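# A closer look at the structure
The residues making up each chain are set out below.
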Amino acid sequence: MNGPPFDDIAGQSSGYPLDALIADLGDIPVETSPAVVRRRSRDFFWYSPILNEELSGKSADLIATPRTEADVVRIAGACARHRVPLTVRGGGTGNYGQAVPLAGGVLLDITELSAIDWVKPGIVRVGAGAKINQLDAELALKGWELRMHPSTKRTATIGGFVAGGSGGIGSINYGGLREPGNVIAARIVTLEETPRVIELRGEAAQRINHAYGTNGIITALEMPLAPLWRWIDVVVAFDDFLDAVAFGHRIALADGVVKKVLAPVTWPLPSYFGALRPHCPDGRHLLLAMVAEPSLESFKDLLAGRGTITLETPTDDSPGKVPLYEYTWNHTTLQVLKTDRSVTYLQCLYPHDRLLEKAAQMRSLFPDEALQHFEFIRFNGNVTASGLPVVRFSTAERLNEIIRLHEDHDVGIANPHVYTIEDGSRYKKAEADQLGFKYEADPFGLLNPGKMRSFAARTN
Ligand code: FAD
């Protein structure tokens, strides 16, 4: 048998010796109210109509909230001895059911492990449960910020970003989390009868990167930092979407212009943009940019009147405000979903050497069906764009056809309508060192079972 029976379980799975498990947890806070546990067993998988059918109803049996790493070790040991699955939850903002327990068991709320251990020039060591916005606010006091963050910065944890995310605001400068040097070290607890605490440094830390918490519970991370800038949110309107893409590309390549996000967005997506709507002229396409204040003049020089600046204001992500980055990356989909639940999205990677050509080609293939927006990034040292088009959903068959047509035209897809690491990756497999490490760190296949499908658990 490949680990716990996740296929046929929905809701209260039980069959697990939960009373004995809870007794072993001592004074560690445990929540068993079914309504609370079910609600917190969800993430943002409902963005996908396909996952929404497959995953609704899946739930843990209880939530355990460790206060220290010693608590994590105690919970992990108890789960291993009683053969109860364990799924870690940070902010619960993942998109592919990453934090949804398919086989019930324990949902481990990691958010109390949030202390900053230390900050040194260019590097921070922090508990994995730290909220990214709180972490950045602390770092700002010392003149630093994280190199990159997801557009869910205000709700996501740093551990969830490393275990479930890929990149985001800042990736135009530093690439994604997978680029060497973007995760310096991770401390993990194994899921064994006598759990081990292991420090993974350098390349070894990549084992837990985007592994959905299937091969270790991350308790702390060392992350590299960037110097803090005063960021300015800038919106530029263009008559032609491809002009917005071309100008974004020009700025992306202008190494002297300091920026943090560059996102061309096609009309009519801005018509859904809530608080930003007054800065989105009807029928016009936008470039959303975060530019360092000292680079604004150079940004405008390069624009040279080809587009109209409709907003220029310091980035403000304090409570009650909506920063510009919450219209980029997968927040664009969210802005549309607020009024139109019939849409979904895709995650594309454009070839760096034919970027504008491919953008035009995909636009002509799906003029009204896949509404484009791009996020410029660095990838393997080249400037290219990730695309998260908002797709008008009709059927699963048509969605798969749209995916195939992108791939046939050399636009890579990381499919967000599947829940395993393998199916979601562009290469349809788990990294060998991630799979190998799972045999070491989770021999019984109890960590987030069902998400790394290449793994075959020990049966005794
Ligand atoms: P969770 O959802 O709680 O967990 C994510 C995965 O990591 C789960 O598999 C979970 O089990 C595992 N995990 C969490 N903590 C740990 C731990 N301590 N140890 C081991 N495993 C752990 N992602 C991006 O990369 N870039 C974006 O710009 C971006 N934008 C988004 C916009 C929207 C509107 C939404 C809904 C999602 C977006 N995402 C994006 C996805 C997601 O928000 C991010 O990946 C985020 O960083 C996840 O953090 P979290 O704390 O919410 O993780």
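For clarity, every value in this text was computed on a predicted model and none was experimentally measured. (Residues numbered from 1 in each chain as written. Predicted model: local features only at pLDDT ≥ 70, side-chain atom pairs only at ≥ 80, totals over all residues. Heavy atoms only, no water.)

Another aspect to go through is the overall build of the chain. Check the secondary structure of the chain and you find 14 helices and 21 strands. The C-alpha atoms of the chain give 22 Å as radius of gyration, which agrees with the globular expectation for 460 residues (23 Å, within 12%). For the chain, the residues scored as buried account for 57% of the 460 residues in total. Sequence separation of at least 24 residues holds for 72% of the intrachain contacts in the chain that already meet a minimum separation of 6. Between the mean site of the 47 positive side-chain charges and the mean site of the 54 negative ones, the chain shows a separation of 2 Å. (Helix = DSSP H or I, 4+ residues; strand = E, 2+ residues; numbered from the N terminus. Rg over C-alpha atoms; globule rule 2.2 N^0.38 Å. Buried < 20%, exposed > 50% of the residue type's maximum accessible area, 1.4 Å probe, protein only. Contact = heavy atoms within 4.5 Å. Lys, Arg positive; Asp, Glu negative; His and termini not counted. Charge placed at Lys NZ, Arg CZ, Asp CG, Glu CD.)

Right, let's get into the site of the ligand. Near the ligand, the surroundings consist of 36 residues, among which V88, G90, T93, T157 and G167 are the closest. In this structure, Q98 approaches the ligand through a main-chain N or O atom, which is 2.9 Å from an oxygen atom. Starting from 960 Å² of accessible surface for the ligand in isolation, the protein chains cover 97%. Taken together, the elements giving at least two residues each to the shell around the ligand come down to strand 3 (86–89), helix 6 (158–164) and strand 10 (217–227). Class assignment for the residues of the shell around the ligand results in 14 nonpolar, 21 polar and one charged. (Near = heavy atom within 4 Å. Polar contact = N/O pair within 3.5 Å; in protein donor to acceptor, adjacent residues only side chain to side chain. Areas by Shrake-Rupley, 256 points an atom, 1.4 Å probe, with all protein chains shown as cover. Nonpolar A, V, L, I, M, F, W, Y, C, P; charged D, E, K, R; others polar.)

Another point: the domain arrangement of the chain. How big an interface is tends to be expressed through the accessible area that disappears when the partners come together. Examined at the domain level, the chain breaks down into domain 1 (6–110 + 437–441), domain 2 (116–227) and domain 3 (231–345 + 348–413). Each partner contributes to the interface: domain 1 provides 22 residues, whereas domain 2 provides 27 residues. Interface area, domain 1 with domain 2, both sides summed: about 2,100 Å², of which 65% is carbon and sulfur. Of all residues in domain 1, E69, Q98 and F437 give up the largest surface area on contact with domain 2, accounting jointly for 28% of the area buried on that side. Our enumeration of links across domain 1 and domain 2 arrives at two salt bridges. (Domains from an automatic or database assignment. Buried area = accessible area lost by both parts, 1.4 Å probe. Salt bridge = Lys/Arg side-chain N within 4 Å of Asp/Glu carboxyl O.)

As a further point, take helix 12 (residues 396–408). An ideal rise of 1.5 Å per residue puts 18 Å on 13 residues; helix 12 measures up with 18 Å between its terminal C-alpha atoms. All of the buried residues along helix 12 are L399, I402, I403, L405 and H406. In a view along the axis of helix 12, the buried residues occupy a sector of 160°, so they form one face of it. Of the surrounding secondary structure, the elements contacted by the buried residues of helix 12 are helix 3 (49–55), strand 15 (343–345), strand 16 (348–349), helix 11 (355–365), strand 20 (390–392) and strand 21 (412–413). At the exit of helix 12 stands D410, carrying a positive phi of roughly 65°. (Expected span 1.5 Å × (residues − 1). Arc of directions from axis to C-beta.)

The strands making up a sheet associate through backbone hydrogen bonding, with each pair oriented either parallel or antiparallel. Taken in spatial order, the four strands of this open sheet run 12-13-11-14, and their pairing is antiparallel. Only two strands of the sheet have a single partner each, and these edge strands are strand 12 (259–265) and strand 14 (308–314). Sheet twist, expressed as the average angle between the axes of neighbouring strands with direction ignored, equals 15°. Sheet topology note: the strand 12/strand 13 (residues 285–292) ladder contains six bridges and is antiparallel. Pairing of K259 across the sheet is with V291, part of strand 13. Docked against the sheet, helix 8 (residues 241–253) engages strand 11 (231–238), strand 12 and strand 13, running at close to 165° with respect to strand 12. Sheet contacts for helix 9 (residues 296–303): strand 11, strand 13 and strand 14; angle to strand 11, the most-contacted strand, approximately 10°. (Pairing = 2+ DSSP bridges. Axes fitted to C-alpha atoms, helices over the stretch in contact; angles between N-to-C directions.)

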